[in-house]
Amino acid sequence: MNRKFTRRRAVGTAAALAGASLFSTAAAMPSGAYRIDLHAHFLPPEYRASLLSHGYFTIGGYPTPDWSPEAALDFMDRYGIAAQALSISDPGVSFLRGAEARDMARYCNTYAAGLFKSHPTRFGGFAVLPMPDVAASIAELEYALTVLKLDGVVLLSSYDGVYLGDPRFEPLMAALDRHNAYVFVHPASVSRDSKPELPLPDFLYEFTFDTTRAATMLMYTGTMRRYPRIRFQLAHAGGTIPFLTYRLGVLSKTGAADLFPPGVPRPSAFDVAELVKTFFYDTALSPAATDMRSVLAAGQQSRVVFGSDWPFSQLTLTGSGDPQPELDQTFTTSDRLQIERANSLRELPRLAQAVGS
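Remember, predicted model here, so these are calculated numbers, not experimental data.

A. Seen up close, the packing of aromatic side chains. In this structure the tally under the stated criterion is 14 aromatic pairs. Between Trp 67 and Tyr 111 the ring centres are 6.1 Å apart and the planes differ by 65°, which places this aromatic pair in the edge-to-face class. Separated by 44 residues along the polypeptide, Trp 67 in the loop between β3 (62–63) and α3 (69–78) and Tyr 111 in helix α4 (residues 98–118) bring together distant segments of the chain. Using a relative accessible area of 9% as the deciding quantity, one classes Trp 67 as buried. Tyr 111 gets classed as partly exposed once you look at its relative accessible area, which sits at 23%. Across from the ring centre of Phe 116, 3.9 Å away, lies the NZ or CZ of Arg 350, which sits over that ring.

B. Quick look at helix α12 (residues 333–347). In this model, α12 (15 residues) spans 21 Å end to end at C-alpha, consistent with the 21 Å of a helix rising 1.5 Å per residue. Of all bends in α12, the biggest is about 40°, found at Ile 339. Burial within α12 is extensive, with 14 of its 15 residues counted as buried.

C. Broad picture of the pairing of strand β5 (residues 123–128). Among the six residues that make up β5, six are buried, leaving the element largely enclosed by the rest of the structure. Of the two faces of β5, the one lined by Phe 123, Gly 125 and Ala 127 and the one lined by Gly 124, Phe 126 and Val 128 are each fully buried. Here three bridges tie strand β4 (residues 81–87) to β5, and the two strands are oriented parallel to one another. Counterpart to Leu 86 in the pairing with β5 is Gly 125. Pairing between β5 and strand β6 (residues 152–156): three bridges, direction parallel. Residue pairing across strands places Phe 126 opposite Gly 152, the latter belonging to β6. With helix α5 (residues 134–146) bridging β5 and the parallel β6, this β-α-β connection has right-handed handedness.

D. Region of the structure containing the packing of α5 against helix α6 (residues 170–178). Relative orientation of the contacting elements α5 and α6 amounts to 10°, with a least axis distance of 9 Å. The orientation of α5 relative to α6 falls into the category roughly parallel. Here α5 and α6 pass one another in a crossing that is right-handed. Between α5 and α6, the contacting residues are Val 134, Ser 137, Ile 138, Leu 141 and Glu 142 on the first element and Pro 171, Leu 172, Ala 175, Leu 176 and Arg 178 on the second. Looking at side-chain class alone, the contact of α5 with α6 contains seven nonpolar, one polar and two charged residues.

E. Local environment of the side chain of His 186. Take His 186: it is sitting in strand β9 (residues 182–186). His 186 sits in the buried class, given a relative accessible area of 1%. A distance of 3.4 Å separates the side chain of His 186 from the side chain of His 41, its partner in a polar contact. Excluding residues that lie within four positions of it along the chain, His 186 makes contacts with His 39, His 41, Ser 89, Asp 90, Val 154, Leu 155, Leu 156, Ser 157, Phe 207, Ala 235 and His 236.

F. Spotlight on the side chain of Asp 37. When you line up the elements, Asp 37 lands in strand β1 (residues 35–41). At 9.1 Å, Arg 35 is the nearest oppositely charged side chain to Asp 37, a buried residue that forms no salt bridge. Among the polar contacts made by the side chain of Asp 37, one reaches the side chain of Gln 84 at a distance of 3.2 Å. Not counting residues up to four positions away in its chain, the partners in contact with Asp 37 are Phe 75, Ile 81, Ala 83, Gln 84, Ala 85, Phe 306, Gly 307 and Ser 308.

G. How the structure looks around the sheet that holds β1. The strand order β1-β4-β5-β6-β9-β10-β11-β12 describes an open sheet built from eight strands, whose pairing is parallel. Each end of this open sheet is capped by a strand with a single partner; those strands are β1 and β12 (304–305). Judged from the four bridges that link them, β6 and β9 form a sheet pairing that is parallel. Looking at the pairing, Val 154 lines up with Phe 184 of β9. Running at roughly 140° to β4, α3 makes contact with β1, β4 and β5 of the sheet. Together, β1, β4, β9, β10 (231–234), β11 (280–282) and β12 form the strand contacts of α12, whose direction differs from that of β1 by roughly 70°.

H. Local environment of unusual backbone geometry. Across the junction of Met 131 and Pro 132, the peptide omega takes the value 10°, indicating a cis bond. Among the structural elements, Pro 132 can be located in the loop between β5 and α5. Look at the link from Trp 310 to Pro 311: it is a cis peptide, with omega at 5°. Along the chain, Pro 311 turns up in the loop between β12 and α12. Residues other than glycine seldom take positive phi values, yet Leu 285 does so here, at roughly 55°. Topologically, Leu 285 is positioned in the loop between β11 and α11 (289–298). The backbone phi angle of Asp 309 is positive, close to 65°, even though this residue is not glycine. Inspection of the secondary structure assignment puts Asp 309 in the loop between β12 and α12.

I. Layout of the nonpolar core. Core analysis: the largest hydrophobic core is formed by 56 residues, its most contacted members being Ile 36, Leu 38, Tyr 47, Trp 67, Phe 126 and Leu 150. Mapped by element, the contributors of at least two residues to this core are β1, α2 (45–53), α3, β4, α4, β5, β9 and α13 (349–355). Per-element accounting of this core gives the leading share, nine residues, to α4. When residues no more than four places from it in sequence are discounted, the contact partners of Tyr 47 are Ile 88, Ser 89, Pro 91, Gly 92, Val 93, Phe 95, Met 104, Tyr 107 and Cys 108. Ranked by size, the runner-up nonpolar core spans 46 residues in total, among them Val 185, Ala 188, Leu 248 and Ile 339.

Basis of the calculations
- Residues numbered from 1 in each chain as written.
- Predicted model: local features only at pLDDT ≥ 70, side-chain atom pairs only at ≥ 80, totals over all residues.
- Heavy atoms only, no water.
- Phe/Tyr/Trp six-rings, centres within 6.5 Å; stacked < 30°, edge-to-face > 60°.
- Helix = DSSP H or I, 4+ residues; strand = E, 2+ residues; numbered from the N terminus.
- Buried < 20%, exposed > 50% of the residue type's maximum accessible area, 1.4 Å probe, protein only.
- Lys NZ or Arg CZ within 6 Å of the ring centre and 35° of its normal.
- Expected span 1.5 Å × (residues − 1).
- Bend = angle between axes of the 7 residues up to and from the residue.
- Pairing = 2+ DSSP bridges.
- Right-handed = clockwise from strand over helix to strand, strands pointing away.
- Axes fitted to C-alpha atoms, helices over the stretch in contact; angles between N-to-C directions.
- Parallel < 35°, antiparallel > 145°, perpendicular 65-115°, else oblique.
- Left-handed = near helix turned anticlockwise from the far one by under 90°.
- Contact = heavy atoms within 4.5 Å.
- Nonpolar A, V, L, I, M, F, W, Y, C, P; charged D, E, K, R; others polar.
- Polar contact = N/O pair within 3.5 Å; in protein donor to acceptor, adjacent residues only side chain to side chain.
- Lys, Arg positive; Asp, Glu negative; His and termini not counted.
- Salt bridge = Lys/Arg side-chain N within 4 Å of Asp/Glu carboxyl O.
- Core = buried A, V, L, I, M, F, W, Y, C linked by side-chain atoms within 4.5 Å.

Next up, the structure:
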């Protein structure tokens, strides 16, 4: 365990794990590195060079950032983060095809696994897959989880306009279910011909909508019912899913059945509400009370996890201290210890063993 993680923090974490609230909102947050960051990105050198060579000078409208292990460690140390579970952001490796995509996925995953050896207590990793090639993605999934021992998988909300939950991805979902996989769902950029032309970057609003589309498909196609062992984490507090929970169940009402396309399952309002509760929601770019209270109204506090979105948030996180003080508007200190550490370590046993739960 990190030596900076004092007895008071350990007691607070144990209480959070037990669901207790031993601290008041007035209690000071602990100092030192204790946070576990489940929404943190990395851009290994060859990956970033390939992005730039293919014209990806921005990601979702955000300038493609520099990244290094040293910069990540500096960021973590400044903001009390014990460890990051690193993932590749949009566009994944889907801007490549065939052997190039497979090789780049293997490079990124091997790079992440190498960080476990050089910094065993500071980094975890989610495997990137050569989607939309399902067969190659299943092969890389097996290698990443069984040989490299990565902590989970990152999937984009859509690939070439095809959303998670589509029948074309069914074999991959079955493989993820066999592994009881933790799957971080990150939004993808929407193609220009599929969205209105507004003078604002995608990450500001479109990303949240694409997460919503993917989550809705996962629920309405029955994917989550068929593969209940997959644990899905939705980026940015779930996009708009918590706010839309009631609306997404409206089609189950009497008289609305005829609105369903042929072959599309019709979950009840109860089914939608229960499935929304099974998602994990991260706090990245969403720590304010307007976001978190909506998540708590629709989801479960035990499934809220901390996320920084670094280095894509580095323009707003330039100092040190508490990276998301807005969480105090919704959570007590013991609540925060739960969502910023305990909830994450409960789901990622390899990382928990490495950092000391």
